[in-house]
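# Reading the structure
Okay, here's what each chain looks like letter by letter:
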Amino acid sequence: MTAAECIKQTEHKMGVTVEKLREDFSRIRTGRPSTGLLDKVKVDYYGCPTPINQIAQVGVGDAHTLTVQPWEKNMVKAIEKAIRDSDLGLNPATSGDTIRVPLPPLTEERRRELTKVVKGFGEDAKVAVRNLRRDANSTLERLEKDKEISEDDQRRFETEVQKLTDRYVGEIDKVIEEKEKEIMTV
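This one's a predicted model, so the numbers in the text were calculated from it and none came from an experiment.

Scanning the protein for helices and strands turns up four helices and six strands. Walking the protein from its N terminus toward its C terminus, one meets helices and strands in the order α-β-β-β-β-α-β-β-α-α. Its C-alpha atoms give the protein a radius of gyration of 22 Å, more than 25% over the compact-globule value 16 Å for 186 residues. The principal-axis extents of the C-alpha atoms in the protein amount to approximately 70 × 40 × 20 Å.

Regarding helix α2 (residues 76-85), the residues found buried are Val76, Ile79, Glu80, Ala82 and Ile83. Along the axis of α2, the buried positions cluster into a sector of 160°, meaning they face one direction only. For α2, exposure combined with an orientation more than 90 degrees from the buried face picks out Lys77, Lys81 and Asp85. Buried residues along α2 sit against β1 (42-45), β3 (56-62), β4 (65-70), β5 (93-95) and β6 (98-102).

This next bit is on unusual backbone geometry. For Tyr46, which is not a glycine, the phi torsion comes out positive at approximately 50°. Topologically, Tyr46 is positioned in the loop between β1 and β2 (48-51).

As a further point, take the environment of Ile7. With respect to the secondary-structure elements, Ile7 resides in helix α1 (residues 3-26). Here the alpha-carbon distance between Ile7 and Lys145, two residues 138 residues apart in the chain, equals 17 Å. In contact with Ile7, not counting residues within four places along its chain, are Phe157, Glu160, Val161 and Leu164.

Once that is clear, we can look at the pairing of β4. β4 sits mainly inside the fold: five of its six residues count as buried. Count of turn residues in the β3/β4 antiparallel hairpin: two residues. By the bridge criterion, four bridges tie β4 to β6 in an arrangement that is antiparallel. Opposite Thr65, over in β6, you have Pro102 as the bridge partner.

Now for the side chain of Lys126. The topology assignment puts Lys126 in helix α3 (residues 108-145). Engagement of the side chain of Lys126 in a polar contact is seen with the side chain of Asp173, the distance being 2.5 Å. Excluding its chain neighbours within four sequence positions, the residues that come into contact with Lys126 are Val169, Ile172, Asp173 and Ile176.

The rules behind these values
Here the residue numbering is sequential within each chain, running from 1 through the sequence in written order. The predicted nature of this model means local features are confined to residues of pLDDT at least 70 and side-chain atom pairs, given and counted, to a pLDDT of 80 or more, with totals for whole chains, interfaces and linings taken over all residues. Calculated side-chain values reflect all of the structure's heavy atoms, with hydrogen atoms and water omitted. Working definition: helices are DSSP H or I runs of at least four residues, strands are E runs of at least two. Numbering for both runs from the N terminus. Only C-alpha atoms enter the radius of gyration, while the globule expectation follows 2.2 Å times N to the 0.38, with N the number of residues. Only protein chains enter the area calculation, which uses a 1.4 Å probe; residues under 20% of their type maximum are buried, those over 50% are exposed, and those in between are partly exposed. It is the directions from the helix axis to the C-beta atoms that the arc portrays. It only takes one pair of heavy atoms within 4.5 Å for two residues to be counted as in contact. When DSSP finds two or more bridges between two strands, those strands count as paired. Here a polar contact is recorded for every N or O atom pair within 3.5 Å, except that within protein the pair must consist of a potential hydrogen donor and a potential acceptor, and residues adjacent in sequence are included only if both atoms are side-chain atoms.

Right under this line is the structure:
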């Protein structure tokens, strides 16, 4: 691996870390419904745990309701049970072959708890970015030790890695701030 490949790979992995954080945040409930809320819920589909979005159409009914439309009518009870048993604290109601999932309004206390969860996810992402920096720097040190790059090049590339780290940590802070603002908006 060359130093340029190392930098490019590190930048890609840092970008993936930020995207993963955004994906995790999409599952955190705010004041408005999001279909991503049910993505982690698994339904027993003929003995195999399957995500809801693979066996049903999940949509937003209104400002406080998600709708789940199973593709097979016999899956209604299993989906309803999976949602009820999840750790989301939701109580679905079936009307015909459509499952309605009302989202109760968030209390001030619950909003504060969610901001702590958001900060925890953010810190994990920052640690991941810093670990990527460490890995890249150790690769650069190895390249310099093996005489594939000069000591000056090593320092220059390490500075570049640090700039990438600072940029992605800043991006993570921005994503956290946006999510906290979204959660705290009543």
